[in-house]
Amino acid sequence: SLLSCSFAVFGKQWYQRRVRGYLMFAVFFFLRFFVLSWSDTCGQDRVVLGDWFVSHGSPDLLEDPIPPLVSAVTTDPYSDPSNPPPSPDVYCAMQWSGNIDPSSGLQKYRLKNFATEAEAAAANYSITHKGHCASCSTLQDLGVYIRQNLTDSTRKCGMEGIVSKKAQKKCLKAIGFSKPCISIWSYNIYNTRSKCFWTCMWSKMTDEPFNKPDGSLNDCLQCDEDKSGPNFKYFSGRTRRNSGIPSSIHRPDSQVYHMEHCYWYGDL
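Each value, and the rule that gives it
- Residues numbered from 1 in each chain as written.
- Predicted model: local features only at pLDDT ≥ 70, side-chain atom pairs only at ≥ 80, totals over all residues.
- Heavy atoms only, no water.
- Salt bridge = Lys/Arg side-chain N within 4 Å of Asp/Glu carboxyl O.
- Buried < 20%, exposed > 50% of the residue type's maximum accessible area, 1.4 Å probe, protein only.
- Helix = DSSP H or I, 4+ residues; strand = E, 2+ residues; numbered from the N terminus.
- Pairing = 2+ DSSP bridges.
- Axes fitted to C-alpha atoms, helices over the stretch in contact; angles between N-to-C directions.
- pLDDT = per-residue confidence, 0-100.
- Contact = heavy atoms within 4.5 Å.
- Phe/Tyr/Trp six-rings, centres within 6.5 Å; stacked < 30°, edge-to-face > 60°.

Visitor: Would you mind showing me how to read the pattern of salt bridges here?
Guide: Side chains that differ in sign of charge can pair as their charged atoms come close. Inspection of every chain in the model, using the stated rule, returns 9 salt bridges. Ionic pairing is found between Arg 46 and Asp 40, a salt bridge with its closest N-O pair at 2.7 Å. In this pair, the class of Arg 46 matches that of Asp 40, namely buried. The shortest N-O distance in the salt bridge between Lys 156 and Glu 160 comes to 2.6 Å. Linking Lys 156 with Glu 160, this pair stays in helix H5 (residues 150–163), spanning 4 residues, or about one helical turn. A relative accessible area of 47% places Lys 156 in the partly exposed class.

Visitor: Help me understand the sheet that holds strand S1 (residues 91–100), please; the structure alone is not making it clear to me.
Guide: What the 3 strands build is an open sheet, ordered S2-S1-S3; its pairing is antiparallel. Because the sheet does not close on itself, it has two edges, and the strands there are strand S2 (107–114) and strand S3 (126–130). Mean inter-strand twist for the sheet, computed between neighbouring axes without regard to direction, equals 30 degrees. As defined by bridge partners, S1 adjoins S3 across 3 bridges and the pair is classed as antiparallel. In the sheet register, Ala 93 faces S3, and the bridge partner there is Ile 127.

Visitor: Looking at this model, I keep getting lost on the confidence of the model for the chain. Mind explaining?
Guide: Note that predicted coordinates carrying low pLDDT should not be read in detail. The predicted model of the chain averages 89 in pLDDT, with 86% of residues at 70 or higher. Every residue in residues 1–11 scores below 50 in pLDDT, and together they form 1 contact with partners more than four places removed in sequence or on other chains. This model gives residues 21–38 a pLDDT under 50, and the stretch forms 30 contacts once residues within four places in sequence are excluded.

Visitor: Please explain the pairing of S1 as it appears in this structure.
Guide: Side-chain direction in a regular strand flips from residue to residue, so the side chains alternate between the two faces of the sheet. Of all 10 residues that make up S1, 7 are buried, and the element is covered over most of its length. Strand direction decides the pairing type here: S1 and S2, joined by 7 bridges, are antiparallel. The residue of S2 that forms the bridge with Trp 96 is Tyr 109.

Visitor: What is the right way to look at the packing of aromatic side chains in this model?
Guide: Aromatic rings in a pair are described by how distant their centres are and how their planes are angled relative to each other. Taken as a whole and assessed by the stated rule, the structure comprises 14 aromatic pairs. Look at Trp 52 and Phe 53: their rings are 5.4 Å apart centre to centre, the planes differ by 85 degrees, and that puts the pair in the edge-to-face class. Phe 53 shares its class with Trp 52; the two are buried. Considering the side-chain rings of Trp 96 and Tyr 265, the 4.8 Å spacing of their centres and the 85 degrees angle between planes classify their relative orientation as edge-to-face. Pair noted here: Trp 96 is in strand S1 and Tyr 265 is in the segment after helix H9 (229–236), with a separation of 169 residues, a long-range link. A connected cluster of aromatic rings, assembled from ring pairs, spans Trp 52, Phe 53, Trp 96, Tyr 109, Tyr 263 and Tyr 265.

If you want it as C-alpha cells, here you go:
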C-alpha cells in the first residue's frame, strides 16, 4: 500500500541519515585523535613512554611530604551522599628529587599541589595534571593512562567483578594501576555497575559507539559520568582529560587540559 511504502522510504532515509551522522563523527574524531595522539607525549611512542613511567613512577618512590589524598581510598566514597567535597582549583605537579631509592636504583620524586602553573614552574616542578593530587596522581598511573585505551580494559575488569571483587582487583592490577589507584577504580566500577547496569548491558549488546552522532556520550557513559564521575574525579585526582591524554571517548575541548608529559630522565 501507499502508506506502507511511505513508512519504508521514511525508515530507509532515517537509517541513512543516522549512518551518515555516525560516519561523519567517526571521521572527525579519527582526525582529531590522530592530531592529539602525539601532543601529550612530546612526540614519543606512547607505549614506550607509558612503560617508562610505570616502571619509574611507583608510589613507593614518593618522598615526604605526600599530599593527603595520594593514598588508598579505604571507605566507599559513594556511600556518603555529602561526597565529593569541593575541589580546589589547583594543579598537581611533580619533581625528581635526585635521591636514589637503594632497593630499586631509581630516582625518588615528589608530588605537590600548586595554586597556579607559574608557582609550580617557579619551584622547578612539572605539572602532571590539572586539579589536586590524589589516588591516581602517581607517575605509575600516568604511564597506565598514556599507554593504552582504558575504556575497554576497565570495562573488562568490571565484567570480571560480577564474578568476584578479587577477580576485578586482579584485573586492574594486571592493567598496571598502583594500589591507591586500584582502590578508587574499584569503588567507581561497583557504583557504576549498581546504578547503570542495565543501561550499560544494552549498550554492550548493541555495540553502541561511545559517542552519539552529535558528539554526546552514549547512555551508558553518560550514566557513569553522572552517577560515578564526580566522586571518581575527586578521589582519583588524575583523569585522562585533566592530564591532556587523548581517549577513544570524544570529550568537548573545554573539558580537556592540554599539556605534555616530557619529564622523564635518562633513556626511554
